[in-house]
Structure formats: structure tokens, C-alpha cells
Amino acid sequence: MIEKSTSSIDRNVAEARFHDELRGERSGDEQYQANDKYYYSVGKSSQQFVKGWIGERCKGKKVLDYCCGNGEFTRFLAQAGADAHGIDISPVSVDNARKAAAQEGLANCATFEVMNAEATEFPDNYFDYVHIDGVLHHLDLATSYRELARILKPDGGVICREALKHNPVFHLYRKLTPHLRTAWEVEHILGKTEIYSATGCFDEVRVLKCFNLLRLASVPLRNTPVFKPVDRILENIDNLILRLPVLKWQAWMAVFLLAKPKRPAV
């Protein structure tokens, strides 16, 4: 387990080291990653929602995959017609992403750089869209919101898929699996307050949909014949109850939009 950083530099070094290891020497260690895969096995609906949202908008657009990991989503963006860029603080991840893009013939439309997400090297007003998947709780949130607003075009949007902290059962699970995450991220999972704090940098902050509450009860059944029908029933119930203002914040994760970036006064 990586100890909590005392400065942004220490935290960035810790994050890079953790993800270099996760996507390098431990990438084939199924036992090491089994617990998270177990619970994220019902996460495909939220992923498909995000793909549908940005896939309809990204053709011919300049899109950033913010902290791209091994670049799977960046390659999806390139295949959908975007001028796709991926950045990550982990050199191992960026190397993996470049190799995969080259193997799939996407090297000319999916580019990758090792970069600090809180202080990128991109010009102002550079991207039409930014995609973020489970990243903001690794970062200094206020700094990241400011940087995202800076690099986003005035009519652009940032779509984020992030875990929520309000459900005590889900949050306990995260604390009981410290080997799968850094100390910083466990203590910085987003909630309602953190999401809407983006209004300091964006005029529009909107939760599009929340995912997975009762549905997680199907996870222990995933290797049985009844998993699919039970999972489908619970997903349909979640689709109804997670529209309610109070219950939606008890979900496992939320997809939200940041748009209309605010510009600092000159």
C-alpha cells in the first residue's frame, strides 16, 4: 500500500509508481486484481452510456482521454473518428497505449504523452471534449477543474464517470481493499459536494445518470446460471429508483457533465 502523500509532487510520484506496477509487472496477476474485477463486473452499462454519449459527438473533434491508462478508451475515440489524445502520469501505461494503438493501426489518430493531468502542456481552448473515467479522486480536485476549464473550448464538454462515496457499504469495501488503490484515492472519492464544486469553473454541472445500487447484489451470482436474469431485473429496478433525488447518491457511481467553462477575468 502506498502511503498518503504530503505534497502534490509526492502524490504524483506515488500515483505514477502505483500505476506503473499495476499495468506492468502486476498486469497479469489475476489474484491481485480479482476483487475489483468482481465488483466492477456489472459496470458495463455505465461504460456503454458514456461511449454512446461521446461516440455521437466526437467524429472530427479533438478529444482528450484524461489519464488514459492503457489507452483502451482513447482507441475507441480514434475508431469513432476523433482526433484522440491520451495522457497519463504512468510511463508504463503510456508505453502500453502506444504499442496497442500501433498494433491496431491507430498510431496516426491516437497519440499518447506522459503528462501531469493537473498541469497539462496543452494550449488554452484546445479540446472539444474530454473523457474522464474514475480519475478525479486520484487528483487535487480544484486544480483539475481549473485545468479542465482552461483546455476546453467554450462550447465543449467534459464527461466524467466517477465512483460515489455516500453509500457506507460500498465505501467500506474500498477501505478493505487497500492493495488495489492508493491511500489518497480512498479518502477522496467524490460525493455531491465535490461534483458540484465544479461550478466554480463551469457554468453547467449536470449529473446525467447514476448506476448500480441494488444491482450489485447480483455480483455473487455471476458464475451461476441465474446471474443474467437476476442482474437484468435489478438493473431495471435501479434505472427507476436511481432517478429519485435522495437514492441516486447511494449508487456506486455517477456519470456527469461539465460544460461552459468559465474564463478568469483579465
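Residues numbered from 1 in each chain as written. Predicted model: local features only at pLDDT ≥ 70, side-chain atom pairs only at ≥ 80, totals over all residues. Heavy atoms only, no water.

**A closer look at a nonpolar patch on the surface**
Argument step 1. A contiguous nonpolar patch, built from L214, I233 and I237 and spanning about 240 Å² of accessible area, is present on the exposed surface.
Argument step 2. Looking at the element boundaries, I237 is found in helix α10 (residues 227–241).
Argument step 3. Since its relative accessible area comes to 32%, I237 is described here as partly exposed. (Patch = residues over 30% accessible without salt bridge, like charges linked within 9 Å, V, L, I, M, F, W, Y side chains within 5 Å. Areas by Shrake-Rupley, 256 points an atom, 1.4 Å probe, with all protein chains shown as cover. Salt bridge = Lys/Arg side-chain N within 4 Å of Asp/Glu carboxyl O. Helix = DSSP H or I, 4+ residues; strand = E, 2+ residues; numbered from the N terminus. Buried < 20%, exposed > 50% of the residue type's maximum accessible area, 1.4 Å probe, protein only.)

**Considering the sheet that holds strand β4 (residues 127–133)**
Argument step 1. If you trace the seven strands from one edge of the open sheet to the other, you get β3-β2-β1-β4-β5-β7-β6, paired in mixed fashion. Edge positions in the sheet fall to β3 (110–114) and β6 (202–211), since each has one partner strand and no second. Pairs of neighbouring strands in the sheet enclose a mean axial angle of 20°, with direction left out of account.
Argument step 2. Bridging between strand β1 (residues 62–66) and strand β2 (residues 83–88) involves five bridges; their strand directions are parallel. Considered in β2, the bridge of D65 is made with G86.
Argument step 3. Sitting on the sheet, helix α4 (residues 72–79) touches β1, β2, β3 and β4, and the angle it makes with β2 is about 170°.
Argument step 4. Across the sheet, helix α5 (residues 91–103) touches β2 and β3, and the angle it forms with β3 is around 165°. (Pairing = 2+ DSSP bridges. Axes fitted to C-alpha atoms, helices over the stretch in contact; angles between N-to-C directions. Contact = heavy atoms within 4.5 Å.)

**Some thoughts on the pattern of salt bridges**
Charged atoms that come close allow side chains of opposite charge to pair.
Argument step 1. Under the definition given, this model contains 14 salt bridges.
Argument step 2. With a shortest N-O distance of 3.8 Å, R57 and E56 are connected by a salt bridge.
Argument step 3. With its nearest N and O atoms 3.7 Å apart, the salt bridge here joins R215 to E235. Here the residue R215 occupies a position in the loop between β6 and α10, and E235 occupies one in helix α10, the gap between them amounting to 20 residues.
Argument step 4. Here R215 falls in the buried class, since its relative accessible area comes to 6%.

**Concerning the nonpolar core**
Argument step 1. If you look at the biggest cluster of nonpolar residues, it comprises 67 residues, and the most contacted ones within it are I54, Y66, L136 and F202.
Argument step 2. A total of seven residues in this core trace back to one element, the largest contributor, which is strand β7 (residues 253–261).
Argument step 3. The contact partners of I54, leaving out residues within four places of it in the chain, are V63, F73, F76, L77, Y129, H131 and I159. (Core = buried A, V, L, I, M, F, W, Y, C linked by side-chain atoms within 4.5 Å.)

**Overview of unusual backbone geometry**
Residues other than glycine predominantly adopt negative phi, and peptide bonds predominantly adopt the trans conformation.
Argument step 1. Phi is positive for C67, which is not a glycine, with a value near 65°.
Argument step 2. Of note, C67 is situated in the loop between β1 and α4.

**Quick notes on the pairing of β2**
Argument step 1. Buried residues dominate β2, accounting for five of its six residues.
Argument step 2. A crossover connection joins β1 to the parallel β2 through α4; in handedness this β-α-β unit is right-handed.
Argument step 3. By the bridge criterion, five bridges tie β2 to β3 in an arrangement that is parallel. Bridge assignment links D88 to a residue of β3, and that residue is V114. (Right-handed = clockwise from strand over helix to strand, strands pointing away.)

**A look at helix α6 (residues 141–151)**
Argument step 1. Along α6, the positions that sit buried rather than exposed are L141, S144, Y145, E147, L148, A149 and I151.
Argument step 2. The inward-facing, buried residues of α6 abut β1, β4, β5 (152–163), α9 (192–196), β6 and β7.

**Considerations on the packing of aromatic side chains**
Aromatic ring pairs: the centre-centre distance and the angle between the two ring planes describe each pair.
Argument step 1. Under the counting rule described, the total for this entry stands at nine aromatic pairs.
Argument step 2. Considering the side-chain rings of Y126 and F127, the 4.9 Å spacing of their centres and the 90° angle between planes classify their relative orientation as edge-to-face.
Argument step 3. Given the relative accessible area of 25%, Y126 is considered partly exposed.
Argument step 4. On the numbers, 5.3 Å between centres and 65° between planes, the contact of F170 with W252 is edge-to-face. In this pair, F170 sits in helix α7 (residues 168–175) while W252 sits in the loop between α10 and β7, placing the two residues 82 residues apart along the sequence.
Argument step 5. Among the residues examined, F170 registers a relative accessible area of 9% and is labelled buried.
Argument step 6. Clustering of aromatic rings is evident, with ring pairs tying together F122, Y126 and F127.
Argument step 7. K51 extends its terminal NZ or CZ atom over the ring of F76, reaching a point 5.0 Å from the ring centre. (Phe/Tyr/Trp six-rings, centres within 6.5 Å; stacked < 30°, edge-to-face > 60°. Lys NZ or Arg CZ within 6 Å of the ring centre and 35° of its normal.)

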